Amino acid sequence: NAGVTQTPKFQVLKTGQSMTLQCAQDMNHEYMSWYRQDPGMGLRLIHYSVGAGITDQGEVPNGYNVSRSTTEDFPLRLLSAAPSQTSVYFCASSYSATRGLNYGYTFGSGTRLTVV
Amino acid sequence: SQQGEEDPQALSIQEGENATMNCSYKTSINNLQWYRQNSGRGLVHLILIRSNEREKHSGRLRVTLDTSKKSSSLLITASRAADTASYFCATPGSGGLTFGKGTHLIIQP
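A few points on the structure. (Residues numbered from 1 in each chain as written. Chains lettered and ligands numbered in written order. Predicted model: local features only at pLDDT ≥ 70, side-chain atom pairs only at ≥ 80, totals over all residues. Heavy atoms only, no water.)

### Brief notes about the side chain of Ser79 of chain B
All names here are of chain B. To keep things clear, this is the line we draw: Numbering of helices and strands runs from the N terminus, with a helix taken as a DSSP run of H or I at least four residues long and a strand as a DSSP run of E at least two residues long. For every residue, the accessible area (1.4 Å probe, protein chains only) is compared with the maximum for its type, and the residue is labelled buried under 20%, exposed over 50%, or partly exposed between those bounds. N or O atoms closer than or at 3.5 Å make up a polar contact, with two conditions inside protein: a donor-capable atom paired with an acceptor-capable one, and, for residues adjacent in sequence, both atoms drawn from side chains. We call two residues in contact when some of their heavy atoms are within 4.5 Å.
Here Ser79 shows up in the loop between strand E8 (71-76) and strand E9 (85-92). Classification of Ser79 as buried rests on a relative accessible area of 2%. A polar contact of 3.3 Å, which involves the side chain of Ser79, links it to the backbone oxygen of Gln14. The residues contacting Ser79, other than those within four sequence positions of it, are Ile13, Gln14, Glu15, Gly16, Glu17, Arg60 and Ile107.

Structural data, given as structure tokens:
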């Protein structure tokens, strides 16, 4: 099925550990982005990419790294996890950045991360 | 920073009733989008209304946009249990869409 696939669905980390959240799409979308969702805060943009080899920071980028070596994949790395990074993380994509802003995004089902 | 703010934060109605939720935003936009999120799932795009439109329909959904008041409303008619979800408005922002905090809708059987 075409769409955005996120792995893992659940993860528990200890403070200071590192990990990578995976996001893959098979729709040949140029634009991909990461959001975090916290209770009472809605969704906030972490990082985004408008194409392979191009990434940029969103509203809340601190503590996260991204890279975009292929069109299909956009991994999110936590270098040293902190309890403040406990959240639900969503990956979203669209055909292009402009098309996404004007027609909407396709979202993955999310990764629920707990940092203890 | 939040661009859109939904109101109310939570809404509980009986099945069959209509549900209305509102979104206010701060800066001028060229479109406003509504998304639904079922519990434990990702967001699903429902409907988009452009700044030159005042009303748009899609099935049981009706969206209005008042650019002079910087507000939008989403009406779900003849609600069903399956409509229980959180609903978010979103507007184009720097780097991507900016989402509000959402309205949690509960449909009572």
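### Thoughts on the interface of chain A and chain B
Where interface size is quoted, it is often the accessible area lost as the parts come together. Definition in use: Salt bridges are counted wherever a side-chain nitrogen of Lys or Arg sits within 4 Å of a carboxyl oxygen of Asp or Glu.
Listed per partner, the contact involves 21 residues of chain A and 24 residues of chain B. For the pair chain A and chain B, the interface holds 0 salt bridges. Applying the counting criterion to the chain A and chain B interface returns 9 residue pairs in polar contact (both at pLDDT 80 or more). For the side of chain A that touches chain B, the elements supplying multiple residues, two or more each, are strand E4 (31-38), strand E5 (42-51) and helix H1 (97-103) of chain A.

### Considerations on the pairing of strand E6 (residues 54-57) of chain A
Stated precisely, the cut-off is as follows: Only strands joined by at least two bridges in the DSSP assignment are considered to pair.
Strand direction decides the pairing type here: E5 of chain A and E6 of chain A, joined by 3 bridges, are antiparallel. Within E6 of chain A, the position partnered with Tyr48 of chain A by the bridge is Asp56 of chain A.

### Let's talk about the packing of aromatic side chains
In plain terms, the rule: Planes of paired rings set the category: under 30 degrees apart is stacked, over 60 is edge-to-face and the rest tilted, where pairs are Phe, Tyr or Trp rings (Trp by its six-membered ring) whose centres lie within 6.5 Å. Consider the ring centre and the ring normal. A charge sits over the ring if Lys NZ or Arg CZ is within 6 Å of that centre and within 35 degrees of that normal.
Evaluation of the coordinates by the stated rule reveals 10 aromatic pairs over all chains. Taken together, a centroid distance of 5.9 Å and an interplanar angle of 75° make the contact between Phe107 of chain A and Phe99 of chain B edge-to-face. With Phe107 of chain A in strand E10 (residues 106-107) and Phe99 of chain B in strand E10 (residues 97-99), the pair connects residues from two separate chains. With relative accessibility at 9%, the residue Phe107 of chain A sits in the buried group. Given a relative accessible area of 0%, Phe99 of chain B falls into the buried group. Clustering of aromatic rings is evident, with ring pairs tying together Tyr31, Tyr35, Tyr48, Phe90, Tyr105 and Phe107 of chain A together with Tyr35 and Phe99 of chain B. The ring of Phe74 of chain A carries the charged tip of Arg68 of chain A above its face, separated from the ring centre by 5.9 Å.

### So, the sheet that holds strand E3 (residues 19-25) of chain A
All names here are of chain A. So the rule is basically this: Lines fitted to the C-alpha atoms define the axes, with helices restricted to the stretch that makes contact. Angles between their N-to-C directions range from 0 to 180 degrees.
Taken together, the 4 strands give an open sheet; going across it, the order is E1-E3-E8-E7, and neighbouring strands pair in antiparallel fashion. Each end of this open sheet is capped by a strand with a single partner; those strands are strand E1 (4-7) and strand E7 (64-66). Neighbouring strand axes in the sheet, compared pairwise and without regard to direction, differ in orientation by 20° on average. The sheet contact formed by E3 and strand E8 (residues 76-78) spans 3 bridges and is antiparallel. Within E8, the position partnered with Leu21 by the bridge is Leu76.

### Quick word on the state of the cysteines
A covalent bond between the sulfur atoms of two cysteines is referred to as a disulfide. Residue and element names in this part refer to chain A. Our working rule: Count a disulfide wherever a pair of cysteine sulfur atoms falls within 2.5 Å.
In the structure shown here, the tally under the stated rule is 2 disulfides over all chains. Across the disulfide from Cys23 sits Cys91; the S-S distance is 1.9 Å. Between Cys23 and Cys91 the disulfide shows an S-S torsion of about -70°. By sign, it is left-handed. Remark: Cys91 occurs in strand E9 (residues 87-94) and Cys23 occurs in strand E3; sequence separation between them is 68 residues. Given a relative accessible area of 1%, Cys23 falls into the buried group.

### Notes on the sheet that holds strand E6 (residues 55-58) of chain B
Residues and elements named next belong to chain B. Taken in spatial order, the 5 strands of this open sheet run E1-E3-E8-E7-E6, and their pairing is antiparallel. The sheet terminates laterally at strand E1 (5-7) and E6, the two strands that pair on one side only. Sheet twist, expressed as the mean angle between neighbouring strand axes with direction ignored, is 20°. Pairing analysis gives 3 bridges linking E1 to strand E3 (residues 19-24), with the strands arranged antiparallel. Within E3, the residue paired with Glu6 across the bridge is Cys23.

### Quick word on the pattern of salt bridges
With the rule as written, the count across this model stands at 4 salt bridges over all chains. Measuring nitrogen to oxygen at the nearest pair gives 2.9 Å for the salt bridge that ties Arg36 of chain A to Asp38 of chain A. Asp38 of chain A gets classed as buried once you look at its relative accessible area, which sits at 11%. One salt bridge in this structure joins Glu55 of chain B and Arg62 of chain B, with 3.1 Å as the shortest N-O distance. Glu55 of chain B gets classed as partly exposed once you look at its relative accessible area, which sits at 39%. According to the relative accessible area criterion, Arg62 of chain B is partly exposed, its value standing at 30%. Salt bridges sharing common partners tie together Arg36, Asp38 and Arg44 of chain A.

Nothing here speaks to function; it is geometry throughout.
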